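Given next are the chains, with one letter for each unit.
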Amino acid sequence: MAFEVPPLPYAYDALEPFIDKETMTLHHDKHHAAYVANLNAAIEKHPELAGKSADDLVRDLNAVPDDIRTAVRNNGGGHVNHSMFWAIMGPKRGGVPQGKIASAISGAFGDFEAFKKLFADTGLKQFGSGWVWLVRAKDGKLSVISTANQDNPMSAGLTPIMGNDVWEHAYYLKYQNRRADYLGAWWNVVDWDAVTRRLDAAER
Ligand SMILES: [Fe+2]
């Protein structure tokens, strides 16, 4: 069973004006689709891996055969990362998180504003392409990290609760070189209910 790009759960223009329709279209239909195609091409060489989820593959890259490990790291990561990304955004979202996720953020970072600043600064400082993440360690501790390229925190034993894509393909058409503006605008599309569900799942 080949991997597939999950359909975008809203219209391509639904995140306007914060993320533009053309960026969403290219990002989902071209970039994410390419990661999936390349992942499938790699897995085809090793039928014994059929049945493993993309999460399984990325979580334990050492179990992936040498000849496709880099391809799985990059393209499996690209598939997992983008699948999360579409799911934690939505139209008419944003605002201040409530309930459990708010408490978790305050407990770890002081308050929501401090968390936002740390997250945006970490994304801004990621040199070149990569992602900025809120992650949960096995002991429950939350932290903000960045990863290069399509590396996913699961490969380092961490559970990604939310992440933002800081590859130029995520923002360049609208924001050009202004990554900080993109990182600031992104809070308007974060679906905190979806993020809370990921925290719940991580705790189970
Ligand atoms: Fe991307």
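Notes on the structure in this doc start here.

The rules behind the values
- Residues numbered from 1 in each chain as written.
- Predicted model: local features only at pLDDT ≥ 70, side-chain atom pairs only at ≥ 80, totals over all residues.
- Heavy atoms only, no water.
- Salt bridge = Lys/Arg side-chain N within 4 Å of Asp/Glu carboxyl O.
- Helix = DSSP H or I, 4+ residues; strand = E, 2+ residues; numbered from the N terminus.
- Buried < 20%, exposed > 50% of the residue type's maximum accessible area, 1.4 Å probe, protein only.
- Core = buried A, V, L, I, M, F, W, Y, C linked by side-chain atoms within 4.5 Å.
- Contact = heavy atoms within 4.5 Å.
- Pairing = 2+ DSSP bridges.
- Axes fitted to C-alpha atoms, helices over the stretch in contact; angles between N-to-C directions.

1. A closer look at the pattern of salt bridges
Okay, step 1: Within this structure, the stated rule accounts for 9 salt bridges.
Okay, step 2: Across the salt bridge formed by Arg73 and Asp151, the nearest N and O atoms sit 2.8 Å from each other. With Arg73 in helix H3 (residues 66-87) and Asp151 in the loop between strand E2 (142-148) and strand E3 (159-165), this pair connects stretches of sequence that are 78 residues apart.
Okay, step 3: Here Asp151 falls in the buried class, since its relative accessible area comes to 18%.
Okay, step 4: We note a salt bridge from Lys116 to Glu113, for which the minimum N-O separation is 3.8 Å. Of this pair, Lys116 and Glu113 both sit in helix H5 (residues 112-125), separated by 3 residues, roughly a single helical turn.
Okay, step 5: The structure contains a network of salt bridges with shared partners spanning Lys100, Asp200 and Glu203.

2. Considerations on the nonpolar core
Okay, step 1: Met89, Phe115, Met162, Trp186 and Trp192 are the most contacted members of the largest nonpolar core, which totals 45 residues.
Okay, step 2: Dropping the residues within four chain positions of it, Met162 is found in contact with Met84, Ile88, Phe115, Phe119, Val132, Trp133, Leu134, Trp186, Trp187, Val190, Trp192 and Val195.
Okay, step 3: Listed in part, the 15 residues of the second largest apolar core include Phe3, Ile43, Leu49 and Val58.

3. Comments concerning unusual backbone geometry
Okay, step 1: In this structure, Pro17 follows Glu16 across a cis peptide bond, with omega equal to 0 degrees.
Okay, step 2: Here the phi dihedral of Gln176 falls at roughly 50 degrees; this positive angle occurs in a residue that is not glycine.
Okay, step 3: In this fold, Gln176 is placed in the loop between helix H6 (172-175) and helix H7 (179-186).

4. A short note on the sheet that holds strand E1 (residues 130-136)
Okay, step 1: The antiparallel open sheet is built from 3 strands, whose spatial order is E2-E1-E3. Both outer strands of the open sheet, E2 and E3, are each paired with one neighbouring strand and no more. Neighbour to neighbour, the strand axes of the sheet diverge by 25 degrees on average, direction disregarded.
Okay, step 2: The sheet strands contacting H7 are E1 and E3, and the helix crosses E3 at an angle near 125 degrees.

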